[in-house]
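Per-entry structural report
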Amino acid sequence: MKWRQWMDSAVVLFGVLSFMSLVAFYLALSDIGHDYASPEVWARAGQALPDWYSNVNRCALEWRVLQVGFLLMLMFHILLFARRLSGPEKKTTG
C-alpha cells in the first residue's frame, strides 16, 4: 500500500518536472538555434573569430539543461510504466 502511494507521488512529481523540462528545452534550443555570435556572423562582418570565442560561445549551460531535462523525462517515463505495470490497487473492505 505504501509503495503504491509513494509511486503515485513520484509519478506526479516527475510529471510536473517533465513538463517544466519541455519549457526549458524550448528556451535552451532557441538560444542554441539563434547563436547570435555564430562564425557566420563574424564572417559577414569581415572579421576573424576572436580568441575568446571557443571558450564563451559553446552554449554549455543550454546543453546542460537539455541533459538534465532528458534525465527527468526518462525518470518520469520509467516510473510511470513501472506504476502501470504493477497493476491496479486492490481495495479492501473492512
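Higher on the page you've got the structure.
Our subject in this report is the structure included herewith. As the structure is a prediction and not an experimental result, all values here were calculated from the model. (Residues numbered from 1 in each chain as written. Predicted model: local features only at pLDDT ≥ 70, side-chain atom pairs only at ≥ 80, totals over all residues. Heavy atoms only, no water.)

**Considering the pattern of salt bridges**
Under the criterion given, the structure shown has one salt bridge. The salt bridge partner of Asp8 is Arg83, with a shortest N-O separation of 2.6 Å. Of this pair, Asp8 sits in helix α1 (residues 2-34) while Arg83 sits in helix α4 (residues 60-85); the two residues are 75 residues apart in sequence, bridging distant segments of the chain. For Asp8, a relative accessible area of 32% corresponds to the partly exposed category. (Salt bridge = Lys/Arg side-chain N within 4 Å of Asp/Glu carboxyl O. Helix = DSSP H or I, 4+ residues; strand = E, 2+ residues; numbered from the N terminus. Buried < 20%, exposed > 50% of the residue type's maximum accessible area, 1.4 Å probe, protein only.)

**Focus on a nonpolar patch on the surface**
A cluster of nonpolar residues, Val12, Val16, Phe19, Met20, Leu22, Val23, Tyr26 and Leu27, forms a patch on the protein surface that exposes about 850 Å² of accessible area. Within the secondary structure, Leu22 is located in helix α1. (Patch = residues over 30% accessible without salt bridge, like charges linked within 9 Å, V, L, I, M, F, W, Y side chains within 5 Å. Areas by Shrake-Rupley, 256 points an atom, 1.4 Å probe, with all protein chains shown as cover.)

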